[in-house]
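In case you want the letters, here they are:
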Amino acid sequence: MSYFLIFGVGVVLGITFGLYVKDMSFTFLLNQQFSTFSTNIKPIDSSPPPPPPPPPSRPAVRDIGLNEFLKPSKVMHDMGDEELLWRASMVPKRSIYPFKIVPKVAFMFLTRWSLPLAPLWEKFFQGHEGLYSIYVHSNPSFNETEVPQNSVFYGRRIPSKDVRWGSFTMVEAERRLLANALLDFSNQRFVLLSESCIPLFNFPTIYNYLINSTETYVESYDLPGSVGRGRYNRGMLPLIRLSEWRKGSQWFEMDRELAIEVISDQIYYSAFKKFCRGSCYGDEHYLPTFLHIKRWRMNSERTLTWVDWSKGGPHPNRFQRTDVNIGFLERLRSAGRQCEYNGNTTNVCFLFARKFTPNALDRLLRFAPRLMNF
């Protein structure tokens, strides 16, 4: 019995001590957790919440009225070529304009750098504002600050790209000029010129000749031999056959309807870009072939820009200062030939001439205004 009592007392003491230790551990743990929880509680901020962030900024949309849509005030813009061609190809369905339109001639200059004969053209354009538009495609690195602010050429350079002689970039530049000129709905005739071109008549004569013409002026002819048919690539079949292949001068003149067709063309343009490479010279074949296939009935198949190929070679004759005199300019104006204009015979077959060097400018300024009355 003694051992049994001692054992029972030990059990009771053990249980009591175990419960005490457990209660102490729970209390310590609870106090520790409560302390940690209390330190993590942040004071309640009674100030109002901050305003939400502003929405992402969007480019401001400038109001564009009818005048700006029909005649952009500036020729510089941020459109790429594809955007430009798409915009320029838009044609109104209504034939009656809701405004008075004065038809203009778009003079498009494809140049490398500056326009050395600009002073002659300044005299040509003087006094005829509102009847012409000017567009200049030059090397992108050309510094336009060289153009005086009082010049008719100031601010008339379009977004341009590098052009290499003999490459298809020439055709791309022509379409770029046409597309920019088409943005102005007043432009009804489009003439391509170079920095070495001069006018052979005064502005009223050239303006009336072009505005009243029922034809376009893109030289187009069939030429056997290596520099004609020899440049044809059979990869263009069946779209373009050899019998349809044509050659002609790069320097053209066309009406608005044809200009829209040219900048909208993707089928023939893509074929030429792919197959007319190297010695093919797309600027001498794309438009002549395109017109022969699509619009030959409305084309005169001649150019309005006189040039001298009598010395042969890949480049025409260049005229220096000593070449320029009254007799020489008179011969260019008639060119000793006759042609057809609106169904009638005329000896006014060329309105422009090239290639004139910069050192010929002083004599051109001396003789041309007297002969041409400008």
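Since the structure is predicted, the reported quantities are computational estimates derived from the model, not experimental observations. (Residues numbered from 1 in each chain as written. Predicted model: local features only at pLDDT ≥ 70, side-chain atom pairs only at ≥ 80, totals over all residues. Heavy atoms only, no water.)

Visitor: How would you explain the packing of helix α8 (residues 267–275) against helix α9 (residues 286–294) if you had to name every residue and give the values?
Guide: Following both chains from N to C, one finds α8 and α9 inclined at 145 degrees, their axes separated by 11 Å at the closest point. Like other packed secondary-structure pairs, α8 and α9 cross with a definite hand, here right-handed. Between α8, through Tyr268, Tyr269 and Phe272, and α9, the contact on the second element is made entirely by Tyr286, Thr289, Phe290, Ile293 and Lys294. Residue classes in the contact of α8 with α9 are distributed as 6 nonpolar, 1 polar and 1 charged. (Axes fitted to C-alpha atoms, helices over the stretch in contact; angles between N-to-C directions. Helix = DSSP H or I, 4+ residues; strand = E, 2+ residues; numbered from the N terminus. Left-handed = near helix turned anticlockwise from the far one by under 90°. Contact = heavy atoms within 4.5 Å. Nonpolar A, V, L, I, M, F, W, Y, C, P; charged D, E, K, R; others polar.)

Visitor: How would you summarise the pairing of strand β3 (residues 187–194) if you had to cite specific residues and measurements?
Guide: Most of β3 is tucked away: 7 of the 8 residues are buried. As defined by bridge partners, β3 adjoins strand β5 (residues 253–255) across 3 bridges and the pair is classed as antiparallel. By the bridge assignment, arginine 189 is partnered in β5 with aspartate 255. (Buried < 20%, exposed > 50% of the residue type's maximum accessible area, 1.4 Å probe, protein only. Pairing = 2+ DSSP bridges.)

Visitor: So, the sheet that holds strand β2 (residues 132–137): which residues are in play, and what are the values?
Guide: With respect to topology, 4 strands assemble into an open sheet ordered β2-β1-β3-β5, the strand pairing being mixed. Each end of this open sheet is capped by a strand with a single partner; those strands are β2 and β5. Strand-to-strand, the axes of this sheet are offset by a mean angle of 20 degrees, without reference to chain direction. Taken together, the 6 bridges between strand β1 (residues 104–110) and β2 define a ladder with parallel strand orientation. The residue of β2 that forms the bridge with phenylalanine 107 is isoleucine 134. Helix-sheet contacts for helix α6 (residues 203–211) involve β1, β2, β3 and β5, and the interaxial angle to β1 is about 105 degrees.

Visitor: Any chance you could break down the environment of glutamate 330 for me, citing the residues and the numbers?
Guide: Positionally, glutamate 330 belongs in helix α10 (residues 326–334). With 38 residues separating them along the chain, glutamate 330 and alanine 368 place their C-alpha atoms 9.6 Å apart.

Visitor: So what about the pattern of salt bridges? Which residues, and what values?
Guide: A full pass over the atoms with the stated rule returns 14 salt bridges. For arginine 229, the salt bridge identified is with aspartate 222, shortest N-O distance 2.5 Å. Given a relative accessible area of 39%, arginine 229 falls into the partly exposed group. Aspartate 222 gets classed as partly exposed once you look at its relative accessible area, which sits at 32%. Residue arginine 295 is joined to glutamate 257 by a salt bridge in which the shortest nitrogen-to-oxygen separation is 3.4 Å. With arginine 295 in the loop between α9 and β6 (305–306) and glutamate 257 in helix α7 (residues 256–264), the pair connects residues that are 38 residues apart, well separated along the chain. A relative accessible area of 9% means that arginine 295 is categorised as buried. (Salt bridge = Lys/Arg side-chain N within 4 Å of Asp/Glu carboxyl O.)

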